[in-house]
Structure formats: structure tokens, C-alpha cells
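# Summary of the model geometry
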Amino acid sequence: MTNITVTRNDDASRYEIRSDGTLAGFAEFDLRPGSIRFTHTEVDPAFQGQGLAGKLAAYALADAAASGDAIVPLCPYIARYLETHEISGAEIRWPRTPDAAAPDDGVEAAGA
């Protein structure tokens, strides 16, 4: 049976998933006061299709929620994971897109 472990590596600013001791993937993060920004998640192609990305995300997000820091999902994989999975105790700060920053004032253009 394969031994899967997930650990937080603060020196590298990432969570790492290992399969039988071999690094199989990671989720990079950036700590800010009161928040943890997930910036990139990657699984080595040799380990894809084994559900490791989901296990990595589940552990990393649960650990981040337990720390009390707000989770900012800048990584597309982490964002998709959060859209479909409940993380107990997590505060999610969804990043704003440039389009969302401009309020819609309901004014139509002249001649419309």
C-alpha cells in the first residue's frame, strides 16, 4: 500500500505531498498578516490521476483554517476546490477581479 503524507514546509512556503517519501506535488502559499494566499498548486505528472491534488488541498486548507488566517485562493485549483468542498471554520477572502472592482452604476451610454 502506498504511504501518502502531507506536510507544511514553511522554509519553502508550501505544503508538500509525498508518495512513499517521494515529493509528488505542492501547494505554494504566501503568508500575509491575517491571511494565507494560495498562489500555485502542482502535482508531478508521474503522480497524476491518483487524487493527490485533492488530498493536498484538503490538508492545506484545513490547516490554514485551523490557524485562524483567512484563505485567499489565488490559485485556480484551490479556488475550484473551495467552490465544491466545505472547509470547517474557514474564512475565505475571494480575490476581486478587475471587472468586479468597477461598480455598475446603471447609467447607459448616450445613444443606446
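Residues numbered from 1 in each chain as written. Predicted model: local features only at pLDDT ≥ 70, side-chain atom pairs only at ≥ 80, totals over all residues. Heavy atoms only, no water.

### Regarding the confidence of the model for the chain
Taken as a whole, the chain shows an average pLDDT of 90; of its residues, 87% reach a score of 70 or greater. A low-confidence stretch, residues 101-112 stays under pLDDT 50, and its non-local contacts, those more than four residues away or across chains, total 1 contact. (pLDDT = per-residue confidence, 0-100. Contact = heavy atoms within 4.5 Å.)

### A word on the pairing of strand E1 (residues 4-9)
Taken together, the 6 bridges between E1 and strand E2 (residues 14-19) define a ladder with antiparallel strand orientation. By the bridge assignment for E2, Arg 8 is matched with Tyr 15. Remark: 4 residues form the turn of the hairpin made by E1 and E2, two consecutive strands paired antiparallel; Ser 13 in that turn has positive phi of roughly 55°. (Pairing = 2+ DSSP bridges. Helix = DSSP H or I, 4+ residues; strand = E, 2+ residues; numbered from the N terminus.)

### Some details on the sheet that holds E2
Taken together, 5 strands build an open sheet; the order of strands is E1-E2-E3-E4-E5 and the sheet is mixed. Either end of the sheet is taken by a strand with one partner, and the two such strands are E1 and strand E5 (70-73). This sheet shows a mean twist of 25° between the axes of neighbouring strands, independent of strand direction. Pairing of strand E3 (residues 22-32) with strand E4 (residues 35-43) involves 8 bridges; the strand directions are antiparallel. Considered in E4, the bridge of Asp 30 is made with Arg 37. Along the sheet, helix H1 (residues 52-67) contacts E1, E2, E3, E4 and E5; its crossing angle with E2, the most-contacted strand, is approximately 140°. Lying on the sheet, helix H2 (residues 76-84) is in contact with E4 and E5; it crosses E5 at an angle near 120°. (Axes fitted to C-alpha atoms, helices over the stretch in contact; angles between N-to-C directions.)

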